[in-house]
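Observations on the three-dimensional arrangement
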Amino acid sequence: MTDDKDKGLEKGLTSYGDRDFSLFLRKAFIKGAGYTDDALTRPVIGIVNTGSAFNPCHGNAPQLVEAVKRGVMLAGGLPVDFPTISIHESFAHPTSMYLRNLMSMDTEEMIRAQPMDAVVMIGGCDKTVPAQLMGAASANVPCVQLVTGSMLTGSHRGDRVGACTDCRRYWGRYRAEEIDADEIARVNDQLVASVGTCSVMGTASTMACIAEALGIALPGSASAPAVTADRIRVAERSGATAVAIAKSKLTPDRILTAKAFENALRVLLAIGGSTNGVIHTTAIAGRLGIHLDLDRLDAMGRETPVLVDLKPSGQHYMEDLHRAGGLPTLLRELKPLLHLDALTVTGRTLGEEIDTSEAFAQNVVRPFSNPIYPQGGIAVLRGNLAPGGAIIKQSAADPKLMKHEGRAVVFENAEDLARRVDADDLDVKADDILVLKNIGPKGAPGMPEAGYLPIPKKLARQGVKDMVRISDGRMSGTAAGTIVLHVTPESATGGPLAWVRNGDRIRLDVAKRELELMVSDTEMSKRRQAQPVREPTAPRGYLKLFLESVTQADQGVDFNFLRK
Ligand code: FES
């Protein structure tokens, strides 16, 4: 039997030593906002409002909050919205990833501390959805993830553009002096045509698809653009669903199971999703004590082709995926590879939801017989340079560089790269391998998206578009190139990357999943002794907590004390 004292406004009373007085006081305060006793007896649905003027990806948050409230009230609940940290990629120094775990702690503790029977979390920009799902998984209060939705695409001289694959494409052309300052300024006006998240299959779109595949967001909810009526309807339905799961007590641990995570990884591979999706999904799973194995991901990748034709692996944008039926169109295609009995937030299984979706002719999601890329978008590499693994987004890499041996051109850190990469006297050739150290979880700190090293200007001018690039950092999901990321362990903690020198030979063989530094073990231990690595520390504050607690990429870059 349900204990009424564990519901609604009576949940989690503040401690004054007298339970009845605590409730009396709480009701007195909220009545100051004009609520009646009738309203205060309803199931309380929290709404995490991450609207922020620093976060244009969440610029539609006010409309979404209003629609969620409408859905909650139509279903007989009492909606109460509250703020948490909001993070935008371009407005977070030194990098948004540095703050993801802080946002997850904020989300977890505010859901736990405040009286709510269920919660709708409005997130969107890259780190916000992972942070919310990590927090909600730990708080284990019934929850629905609602994403803000993608931005619209713009147009520059008839060329359709969207953030931020096209930001990089045009910036590359500007660096190569193919277009001038005037034109790049005009492009700048068109790349982000409305509020909402990046319009390609970057990290935000990837995490929206993963949330839906996990079953924690409504079926069909990932793809509706931010400024559409469909997005508002998803918000209203999310509110109503939250009331239903408040009553049925459908907690995240029943949805976010090992099977659900396998489904999410299948989707990540088949959408040509962001490499960041691996780190975030690992971190969310880690909150539930579920270990995601990189070798298993790689094995799944060998049997899961990329089917979604979106940039940066393909050609379309999120609004096109929406018109093509959204994620259910892909899930129907992937059906033989999915755990169909995984439960979703609707109370029905993923298989039941797929069966109710409508099929029609479209050209954004390919059939198995005609994939965009024959394997999953992401491959896991191993070797003496990355004993704990590294990854490459093979679907967005240059096929000619997938098997490549070259001379290392080494940059010690991000500042060194910025100082020297465009120097005319930089000793670099097109078949060299660019190596960047110290941009891992502790190195930078926060593992910034600096793994997309720019092509040195002298080579860009010659028309070089891609080179093998290796680092212990991340890259934006909107970026493309032959780029090896997440080298683990990172150089700042004494991973082998720390001792790579200019002129060393490196061999990459993606088909064999190998990443080898062709330097002998004896030479490596000599270098280790001659140049010991000192891990970064901080005297106080969040940075101290971060540096002392952050895990490596293979554990999701979560704090060790937050994992289950
Ligand atoms: Fe927010 Fe791309 S910057 S989703």
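Before reading on, note that the structure itself is shown above.
Read on for an overview of the structure.

Mapping T197 onto the fold places it in the loop between α7 (181–190) and α8 (203–214). With near-sequence residues (within four places) excluded, T197 lies in contact with C57, G124, C125, T148, G149, S150, M151 and A204.

Membership of the largest hydrophobic core comes to 95 residues, with the highest contact counts inside it found for L214, F261, V267 and L330. If we skip the residues at most four places from it in the chain, L330 touches V267, A270, I271, L307, V308 and V365. Ranked by size, the runner-up nonpolar core spans 30 residues in total, among them L401, A408, W499 and L508.

Here the focus is the pattern of salt bridges. Under the definition given, this model contains 49 salt bridges. In this structure, D432 engages R407 in a salt bridge whose closest nitrogen and oxygen atoms are separated by 2.7 Å. With D432 in the loop between α17 (414–420) and β10 (433–436) and R407 in strand β9 (residues 403–411), this residue pair connects regions lying 25 residues apart in the sequence. A relative accessible area of 2% places D432 in the buried class.

All buried positions along helix α20 (residues 541–549) are accounted for by Y542, F546, L547 and S549. Each element contacted by the buried residues of α20 is listed here: α4 (96–113).

This part covers the pairing of strand β13 (residues 505–509). Pairing of β9 with β13 involves 5 bridges; the strand directions are antiparallel. Each residue of the ladder has a partner; that of G406, found in β13, is I506. Two elements, β13 and strand β14 (residues 514–517), share 4 bridges in a ladder whose sense is antiparallel. Across the sheet, residue I506 finds its bridge partner in β14, namely L517. Here β13 folds back onto β14, and the loop between the two strands holds 4 residues, one of which, R513, carries a positive phi near 60 degrees.

Of the pairings in the sheet, the one linking strand β1 (residues 44–49) to strand β2 (residues 78–83) comprises 6 bridges and is parallel in character. From the neighbouring strand, V48 faces β2, where its bridge partner is F82. Tracing the backbone out of β1, into helix α3 (residues 61–74) and back to the parallel element β2 gives a crossover that is right-handed.

Rules used in this analysis
- Residues numbered from 1 in each chain as written.
- Predicted model: local features only at pLDDT ≥ 70, side-chain atom pairs only at ≥ 80, totals over all residues.
- Heavy atoms only, no water.
- Helix = DSSP H or I, 4+ residues; strand = E, 2+ residues; numbered from the N terminus.
- Contact = heavy atoms within 4.5 Å.
- Core = buried A, V, L, I, M, F, W, Y, C linked by side-chain atoms within 4.5 Å.
- Buried < 20%, exposed > 50% of the residue type's maximum accessible area, 1.4 Å probe, protein only.
- Salt bridge = Lys/Arg side-chain N within 4 Å of Asp/Glu carboxyl O.
- Pairing = 2+ DSSP bridges.
- Right-handed = clockwise from strand over helix to strand, strands pointing away.

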